[in-house]
Amino acid sequence: MKNKVKILPIGKDVMQAMISVLKADERHIDGIAEVCTEAYWATYNNTHPKDYIRRVVKEFYNHDRISKEVSVSNRGWGGYFVAVEDEKVIGAGGGGMIGNTTGEIFVLYLDPGRRNEGIGTIILNAITDQQKEFGAREQWVSVQKGNQKGIPFYEARGFTFKYEKPGYANVEGENYISLRYYRFI
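Cut-offs and rules
Residues numbered from 1 in each chain as written. Predicted model: local features only at pLDDT ≥ 70, side-chain atom pairs only at ≥ 80, totals over all residues. Heavy atoms only, no water. Core = buried A, V, L, I, M, F, W, Y, C linked by side-chain atoms within 4.5 Å. Buried < 20%, exposed > 50% of the residue type's maximum accessible area, 1.4 Å probe, protein only. Helix = DSSP H or I, 4+ residues; strand = E, 2+ residues; numbered from the N terminus. Contact = heavy atoms within 4.5 Å. Arc of directions from axis to C-beta. Polar contact = N/O pair within 3.5 Å; in protein donor to acceptor, adjacent residues only side chain to side chain. Salt bridge = Lys/Arg side-chain N within 4 Å of Asp/Glu carboxyl O.

**Student:** Explain the nonpolar core here, please?
**Tutor:** Most often, soluble globular proteins have nonpolar side chains that are buried together. Ranked by internal contacts, the top residues of the largest apolar core, which has 28 residues, are I32, Y40, Y61 and Y80. Every element with two or more residues in this core is listed here: α1 (29–44), α2 (50–60), α3 (63–70), β3 (80–85), β4 (88–99) and β5 (102–110). The leading source of residues in this core is α1, at eight residues. Not counting residues within four places of it along the chain, the set of residues in contact with Y80 comprises L22, K23, A24, I32, Y61, I66, E69, V70, A92, G93 and V107.

**Student:** For this particular structure, what's the right way to read α3?
**Tutor:** Residues that lie three or four places apart on an α-helix share one face, since the helix turns once every 3.6 residues. All of the buried residues along α3 are I66, E69 and V70. Down the axis of α3, the buried set is contained in an arc of 95°. They therefore lie on one face. Opposite the packed face of α3, turned more than 90 degrees from it, sit the exposed residues D64 and K68. On its buried face, α3 sits against α1, α2 and β3. With a side-chain oxygen positioned 3.1 Å from the backbone nitrogen of D64, the residue opening α3 is N62.

**Student:** What's the story with the pattern of salt bridges in this structure? I'm lost.
**Tutor:** Should their charged atoms come close, side chains of opposite charge can pair. All told, the structure shown has nine salt bridges when counted by the stated rule. When the shortest N-O distance is used, the salt bridge between R27 and D25 registers 2.7 Å. Overall, the relative accessible area of 61% leaves R27 in the exposed class. Between K88 and E34 there is a salt bridge; the shortest N-O distance is 3.7 Å. Within this pair, whereas K88 is found in strand β4, its partner E34 is found in helix α1, the two being separated by 54 residues in sequence. In this structure K88 comes out as partly exposed when scored by relative accessible area, which is 41%. For E34, a relative accessible area of 40% gives the class partly exposed. Among the charged side chains, a salt-bridge network with shared partners connects E85, R114 and E117.

**Student:** When you look at the side chain of H48 in this model, what are you seeing that I'm missing?
**Tutor:** Topologically, H48 is positioned in the loop between α1 and α2. Separated by 2.7 Å, the side chains of H48 and T47 make a polar contact. When sequence neighbours within four positions are dropped, the list of residues in contact with H48 reads I53, Q144 and Y176.

Next comes the structure, spelled out in structure tokens:
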């Protein structure tokens, strides 16, 4: 599965850049770790303590975990999709099936300097296409309450808020809230 989007920068010298969205493999491990780590810090630096951010980044965006996750692709975890430009990972996302006809977006992050270019949408579309192949008719995502990067993104793509639940990465004494959103696909 490979999607491409042409991005035309505005300026005197208009040059065409090609971004490819493809299934990640071992070549993309470091890029996935880098883009997810940078984006996580950019998203939560003003709303969450640094120790919380470090803990989440260490758990999810380390080389060993990502290495395992790029080598697996099944209904429960469809693997990472990456947006690549000039061999550099500028976005990464993945999801899986949580029911017979229900998919979920587990992760979707972009290079913080590359937001609002349509890159997140093409990654989301690749994950959605995969989940449709698995039989998904609806799709869910959890977004931390207060995440003013993720919430507007998902709402603009047809996701609607359903309910709140405790955040996945909470430890004793933490009360972060995840907002559960869904859409029909």
